[in-house]
Each structure stands twice: as structure tokens, then as C-alpha cells.
Amino acid sequence: MGGMAVRAATWDDLLESEEVAHVQQIPAAGARTTELPDGLQPSLRAALPFNELYEHQRAAYDTAARGEHLILATGTASGKSLAFNLPVLDTIARDPKSRALYLYPTKALAQDQARALAELHAPNVRAAIYDGDTPSERRWQIRKWANVILTNPDMLHVGVLPHHDRWADVLHNLRYIVVDEAHVYRGVFGSHVGNVLRRLRRLAQVYGAEPQFLMASATIANPGELAQSIAGVEATVIEDDAAPRAERTILLWNPELLDAELGLRASALGDASKLMADLVSRGLRTICFAKSRKAAELIHRFTVQRVDADAAKRLAPYRAGYTPAQRRDIERRLVDGELLGVAATDALELGIDIGLLDCAISVGFPGTVASLRQQWGRAGRRGHGLAVLVASEDALDQYFVREPETLLQRRVEAAILDHANPRVLDGHVRAAAFEAPLDDDDRATLGDEALERAALLPELQLTKNGYVWAGRDYPAAQFGLRSTTPDTFVVVEAPSGTVLGIVERERAYSTVHEGAVYLHLGESYLVRELDLQSRTALVTPYKGDYYTQAKKDTNTAIEKTLHTERRCGLDLHFGRISVTERVVAYQKKSIRDQSTLETVELDLPETSFETEAIWYVPEPEQLAGLEKMPKLLGTLHAAEHSMIALLPLWAMCDRWDIGGLSTNIHFQTDAPTVFIYDGHSGGVGITERGFNAFEGWVEDTARMLEGCPCTDGCPSCVQSPKCGNLNEMLDKDGALTLLRRMVAASTSAS
């Protein structure tokens, strides 16, 4: 370690560059440790290669020993896996018949954890992975023999719960359910998983077990609430991270501004590859996170071109789509120090162990502060680390480089989901009735809403034992966990017939209409045909230099107001609305300068869905000087866009999860109104979070607009990449005036 101090600041000259927007030093922190618990089973204790634990690991063990459910929310590399493994391994060392079920959001993570468990050589552990890749002849052996079963929610939903009679022994002896990377279970996917876990608890009870939940999450604002919404249990929260931390330098990097009016900057990918080439040439192990496969591949290619032949051999891209063997090889080469640089997609930010790195570069804000911290947490495991955010021209990125403290001092977001959203719940109520008759006793696990829905579902029949499934086949097979509607279109690559993905019907017409450029994992495809009968979009790979944007007519109708409060000097409402959309045309836009190349009309059916929304009606004095058309509409429209750009900072979501509509007169409020709604049928709680945090959200938005250097609005402030009006009628000044007046009203009220 002697050489570390000399090497620590080898990047100092980079901090002098024109593009540096902000630098911050985070001091090192020492580990806080404590001895192993006295009560550990002796042969397990003998197998452990260490004699002490971090304080949070010990707290987790003690909580589990008291029989409490637990959620651990500490930073990257704080030893969360060991914290939930220890209670499980201790139980199995004493009683090899007890079983534990480990849930991972992806197959790769389950592989990683299986490897880590094997390396501990704990007594009596028989671990096995049970997922879609498990050969059928292995499946019965695993059910019979394994006491640690690693799987994913999708497999649990369709492969385990409907066939619970085959799992009787596992369920009867189920002591622990381990949910790792719990923060991933948010939005629609999380709302489904919340129901899958409730069905699992219910069946365990049928077989006489009361399993304990051990959950682990990245640092988020609401771990206790997340445990409650995802598993329906009260869990003890452990969030005081006692793991050591090396010193870290944080660098915000903003590519050169080429055209202030268009908001055009030098390429973030180009700048990231320059930085990466520079760092690896200094012998620093570096990981660069990009948002898509294509971006990761490009950064890799550009970096290789910028370094000498020896360094080039020590670079590799890493993304989804590689075989497990290829990925293991890259991981091994990183850990051994053979590799110096890896360009990766976000897939790698989850807990896969990639050894000790010096630098982590994030290209573009990954969407949440929690994700950014996960990515940055990769830097500086062996000494002073460097963590970089290379800003894109997106509104949030530009807001952060101008206002660094809003990023660096911000609490992480809250992960939100809504298991009781009827669009999500109904399928699970059918599945639960298939698994065992549903009656009032199930309110405790499945929730009151499940029984209310059961009474309304035609395929369920009320018998003396409760509601039973009267339909055909088994209901779990009829829906997946990643969409709110069974109503989906399949995207198929034309020559090969590969299914690339599914798109909810509400989104299909605007994203996979004929002629659309469709992005899948960062690759572009051109939609050749959208077949409304067979619900298929046929696509072919696309190399062109334009993207497409749909033009749509949107209308909202208020169905039910749930809350109204006086906030920011106006009436703010939250409730249920219905949204009706019709895609009428699309534009082809040049990637280079965003100019419109062509507008093409479309003839597609209209769609409508119910969701949750906030809406507000500015007071006449707040609109003074802005009330004339078209200024009024431009003001409201720009305020709506910029608020949508910032909502992800209050709720863990993506701007693509949110929709909006602004109108100079709405038929129900009879006044100028702005609506911001949850883009998923039924809603998953995103706008409710916005309602609760309205003042902070409005203030953030005003600051973002104030700081943007353009005069009339650009992609870094009021223009949106998904605007149904194609970003026409946007008044940046008007929006700023209105938002400032709202902020002033909220500060004088408090």
C-alpha cells in the first residue's frame, strides 16, 4: 500500500480543464466494527474467514435473531450480502431442513450470489438456482434437496406459486425470504412484485410457515415504507452504514457549449471516452457507465482509438446480451487487474462484484440520485477514488452542473409502488384464487382491496369455501410482471423473428407506429409495419441519422378529486383522471441539429386509460401579464414540461413514466389548468409523491429555468423529447414568471 499516497492525486491536472463545472472532495471514513455474535453456530463460526463484522451487519444479525423482518439500506460495497446471509446460514447450520428463498431481479445477480455463497463453505448449505434456464429434470431435485433456492419474481409468479403442491416441503419449512436490490421493485414492476410476495406469504401460511423477510436496498428515502408496500410487513430499518470509505473526488464535467440558442453541446460520449482514455493511460482502473448498449460500445471504440496498443488490449465493453461465461471472464479480468477499463451499461450498477476500481464515470445522469450513488460507489475501493458525471444536454443534467449542491446534497428519492392498483391487482387476485380459495381471512396478507376486487371478477365463483377460480388454464400464465395491461403489442425483429420487447397499448401507437424509430436497449430499429389485428410491430435494424417524434391530441377528464390543498398560492388537486390520446402524425427530426425533416400523417385508433394526476389552476394575479393568448398557453405548456423534467428527483421514476397536459381553459375547471399524470394505467403513486412535495418541486423547477443560458427555451429546459405538440408553443419567460410567483407564495405562507 506504500505507493498509494503518491498515486492518489494523479488526475489533478484534469481538474483544471475548461469543462469542469464543479469539484468536491469527500473525506475518507474508517470502518466501525464489532465482534461476531457469541451465539453463532460453532461449525459456521469456524468456517468464516473473518473475526469481526461491521456494526450494521451485526445489527442485522441481532434483528433477525429477534424474529423481526428487516430492511437494510446502506451504500454500495457495504457488505449487505453477508448481513442477510449470516442469519440464514446460522439457521441452516443448526437445522439443514429449513429453507430460504432468495429473490433477485435478474438471473445474472442470482449467479453472482450463488458463487459468493459457495465460497463461504458454510455447513449444510445446499444452494441452487431455479429459473427459466433450469432444465426440467433438475427441477424436482432442487425442490427436494436444496435449502437455499435462488430465483427471480417472474419465476416465482408463474413457475412456483401456481404449482405449490410440488413445493409443499419447501413452503412448509420456509424460514426466510431474502429480497435483494429491493429498490429495483418500484413502479409497475414493483407493484406486481408486491402482489407476488403477498401470494407467497399466504401460501407459506397455508403450509404452516411464517417466513421472515430479510431485504436489502440501495440508499433510498423510504426503506420502511418500501418494505411495507412490497411485502406488506412491518420491518426494522437499518441504515447506519459502518463500512469504511476511501477518500473520493467528485467531478461534474459539462461538454463545451457549441450553440447557446439550440442548447447544443459537444458530445457527452466523446468527452467520456477522452476522459477514460486519459485515466487508463495513467494506469487507473476505470469503469464508464452509459445509458445504452450502443453508447457503451461507442465509448469503448472511441477509447481504443485514443490509447496505445498495449492499453487497448486492456479495455472491454460489458453489457447485457453477453453469455454468462463471457461476463464471468470480464469480471475475473477486472478483479485480477488485467483489465484497466470497462465501458458498461447500467446493468452493472446492481451488486455484481467487480473488484477494486479507481475511477467511475457516469455518462448522463442515470435518472435517480440513488442510481448515481450506486455507480459512483464503484470508485475508490482501494484508495482515493474519482467519481465523474459527464452531463448530457438533458434538462436535469444541465440543472445539476449549474446547481451542484442540488445533486450532491440531495437526499435520495423515495421508491414508490402501489400493489393495490386494480390494473395490477386483478391478475393476482385471479391467480391467488386459483392457488387456494379466497376468503376474509386473506385480508391480512393480500389486503382488503383484493377481496373487494374478487367480488367483481367474473372468472371467480363464490363457494362456501370462498372465491375459487372458474376459468380455464391457470391465470398466472396470462400476464407478466412488467406491464399494467394485459393489452400489449409485441415488437419483433423482421428477419430473425426475435421478440425484442413488449409495449403497452397506451404507448404502442406513439412509439411503434409505422415509420417510427424504436429504441431497444440503446439500439435503433425502424418500424416497418404495425399490425393492429395481431398486435405486432415488425422492425428492422436502423442506421439512419434521424429520430422520430409522434404528434398526438390529448384530452383529460377529471373522474374524482381525492385531495385539494392550498399550496404555492393556488388550489392544488390530486385525484383520478382519464386520459384520451390519438396519435395523428409523426415528425422525422435530424439527430445533428434537431431540425424537422418531414411530417407524416397517421391514422390510428384513439386510446384511453384512467390514471392518477395532480392538477393546478393558477390564480389570476399569478397570470397577470401572461393572460393573453398565445402567451398564456406557451406559459402553461413550458411550466408543465419543465416540472415533468424535475419530478424524477422526488419520485424514483423516469420522465417517460409521466405525462402532462396544459390548457388555457379546461371544460371542468373552466380556467387555465396544468395536469401532470402518471403514464401507467391506474397509476403507481408517482404523482401522489409530487403532490406531497409540491413546494420543493416547484422551487427546483424555477431554479432550473433561471439557470439555463438559452433565451427562448431548449432541450436543456422547456423542450421535451416526448411532447405530443412537438414542442410548439413554449414560453420560457412566462413559465419562469409563473413559477417564481408560486415559489414566492409558498415562502410567504410558511
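Per chain, residues are indexed from 1 in the order of the written sequence. pLDDT decides what is reported in this predicted model: residues at 70 or higher carry local features, side-chain atom pairs at 80 or more are listed and counted, and totals for whole chains, interfaces and linings draw on all residues regardless. Only heavy atoms go into the side-chain values, all of them from the structure, while hydrogens and water stay out.

Caption draft 1: Structural context of the overall build of the chain. Strands here are runs of E lasting at least two residues and helices are runs of H or I lasting at least four, both read from the DSSP assignment and numbered beginning at the N terminus. Scanning the chain from N- to C-terminus turns up 25 helices and 31 strands. Every radius of gyration here is taken over C-alpha atoms, with the globule rule written as 2.2 Å times N^0.38, N being the number of residues. Scaling as 2.2 N^0.38, a compact globule of 750 residues should have a C-alpha radius of gyration of about 27 Å, and the chain matches this with 26 Å. With the C-alpha coordinates of the chain rotated into their principal frame, the extents come out at 80 × 75 × 60 Å. Any two residues having at least one pair of non-hydrogen atoms within 4.5 Å are treated as being in contact. Residue pairs at least 24 apart in sequence account for 73% of intrachain contacts in the chain once pairs closer than 6 positions are excluded. Calculation of accessible area relied on Shrake-Rupley with a 1.4 Å probe; when residues are assessed, cover is drawn exclusively from the protein chains displayed. About 29,800 Å² of surface is accessible on the chain, with carbon and sulfur atoms providing 50% of the total. The sign given to each residue is positive for Lys and Arg and negative for Asp and Glu; His and the chain ends receive no count. A single reference atom marks each charge: NZ on Lys, CZ on Arg, CG on Asp, CD on Glu. Between the averaged position of the 79 positive side-chain charges in the chain and that of its 102 negative side-chain charges there is a distance of 5 Å.

Caption draft 2: Inspection of the sheet that holds strand E18 (residues 385-390) at higher detail. We call two strands paired when DSSP finds no fewer than two bridges between them. The seven strands lie next to each other as E1-E11-E18-E17-E14-E16-E15, forming an open sheet whose pairing is mixed. The open sheet has two edge strands with one neighbour each: strand E1 (20-26) and strand E15 (315-318). Shown here is a sheet whose adjacent strand axes are inclined to one another by a mean of 15°, direction ignored. As a rule, the C-alpha atoms of each element are fitted with a line to give its axis, helices using only the stretch in contact, and angles between N-to-C directions run from 0 to 180 degrees. Strand contacts of helix H11 (residues 268-281): strand E11 (248-253), strand E14 (286-290), E15, strand E16 (341-345), strand E17 (359-363) and E18, with the helix running at about 170° to E17, the strand carrying the most contacts. Relative to the sheet, helix H15 (residues 369-376) contacts E11, E14, E17 and E18, its axis offset from that of E17 by approximately 150°.

Caption draft 3: Representation of the packing of aromatic side chains. Pairing of aromatic rings covers Phe, Tyr and the six-membered ring of Trp, with a centre-to-centre limit of 6.5 Å; geometry is then stacked below 30 degrees between planes, edge-to-face above 60, and tilted otherwise. Enumeration according to the criterion identifies 13 aromatic pairs in this entry. Their ring planes at 80° and their centres at 4.8 Å tell us that tyrosine 130 and tryptophan 167 sit as a pair that is edge-to-face. Linking tyrosine 130 in the loop between strand E6 (127-129) and helix H6 (136-145) with tryptophan 167 in the loop between helix H7 (153-160) and helix H8 (168-172), this pair joins segments that are 37 residues apart in sequence. The buried label goes to any residue with under 20% of its type's maximum accessible area, the exposed label to any with over 50%, and the partly exposed label to all in between, with areas taken from a 1.4 Å probe on protein chains only. Since its relative accessible area comes to 2%, tyrosine 130 is described here as buried. We classify tryptophan 167 as buried; its relative accessible area is 2%. Taking the centre distance of 4.8 Å and the plane angle of 70° together, the rings of phenylalanine 365 and phenylalanine 400 count as edge-to-face.

Caption draft 4: Summary view of the pairing of E17. Counting buried residues along E17, five of its five residues qualify, which places the element largely inside the surrounding structure. The two faces of E17 match: Cys359, Ile361 and Val363 on one face and Ala360 and Ser362 on the other face are all buried. Sheet analysis places E14 next to E17, joined by four bridges and oriented parallel. Following the sheet pairing, threonine 286 is matched in E17 by cysteine 359. Taken together, the five bridges between E17 and E18 define a ladder with parallel strand orientation.

Caption draft 5: Structural context of H7. Within H7, six of the eight residues are buried, which leaves the element mostly enclosed by the surrounding structure. If you follow the buried residues of H7, they end up packed against strand E5 (99-103), H6, strand E7 (148-151), helix H9 (187-206) and helix H18 (422-435).

Caption draft 6: Here's a closer look at the pattern of salt bridges. We define a salt bridge as a contact between a side-chain nitrogen of Lys or Arg and a carboxyl oxygen of Asp or Glu at a distance within 4 Å. Tallying each qualifying case throughout the model produces 31 salt bridges. Between glutamate 581 and lysine 552 there is a salt bridge; the shortest N-O distance is 3.7 Å. Within this pair, whereas glutamate 581 is found in strand E27 (residues 570-590), its partner lysine 552 is found in strand E26 (residues 546-567), the two being separated by 29 residues in sequence. Residues glutamate 581 and lysine 552 agree in their burial class; the two are buried. A network of salt bridges, in which partner residues are shared, links Asp329, Arg332, Arg333, Asp336 and Glu338.

Caption draft 7: Representation of the pairing of strand E8 (residues 174-179). Across the six residues of E8, five count as buried, placing the element largely inside the fold. In terms of strand pairing, E5 meets E8 through five bridges, oriented parallel. Across the sheet, the residue bridging to arginine 99 is leucine 174, located in E8. Where E8 meets strand E9 (residues 212-217), four bridges bridge the pair, whose relative direction is parallel. Bridge pairing links tyrosine 176 to glutamine 212 in E9.

Caption draft 8: Local environment of the sheet that holds E9. Taking strand neighbours across the sheet as the criterion, the seven strands line up as E6-E7-E5-E8-E9-E4-E10 in an open arrangement whose pairing is parallel. Each edge of the open sheet is held by one strand with a lone partner, namely E6 and strand E10 (235-238). Between one strand and the next, the sheet's axes are offset by a mean angle of 15°, whatever the strand orientation. Relative to the sheet, H9 contacts E5, E8 and E9, its axis offset from that of E8 by approximately 175°.

Caption draft 9: The arrangement of helix H22 (residues 631-646) in detail. An ideal rise of 1.5 Å per residue puts 22 Å on 16 residues; H22 measures up with 23 Å between its terminal C-alpha atoms. Of all 16 residues in H22, 15 are buried; the element is thus mostly enclosed. In this scheme, a helix's expected span is set at 1.5 Å multiplied by one less than its residue total.

Caption draft 10: How the structure looks around the packing of H22 against helix H24 (residues 694-707). Contact pair H22 / H24: the axes reach a minimum separation of 9 Å and the direction vectors enclose 110°. When the interaxial angle is binned, H22 and H24 end up roughly perpendicular. For the pair formed by H22 and H24, the contact residues are Ser642, Met643 and Leu646 on the first element and Phe694, Trp697, Val698, Asp700, Thr701, Met704 and Leu705 on the second. Under the scheme applied, nonpolar residues are Ala, Val, Leu, Ile, Met, Phe, Trp, Tyr, Cys and Pro; charged residues are Asp, Glu, Lys and Arg; polar residues are all the others, including Gly. Here the residues of the contact of H22 with H24 are counted per class, giving seven nonpolar, two polar and one charged. Geometric relationships in this document are graded by angle, where less than 35 degrees denotes roughly parallel, more than 145 denotes roughly antiparallel, 65 to 115 denotes roughly perpendicular, and other angles denote oblique.

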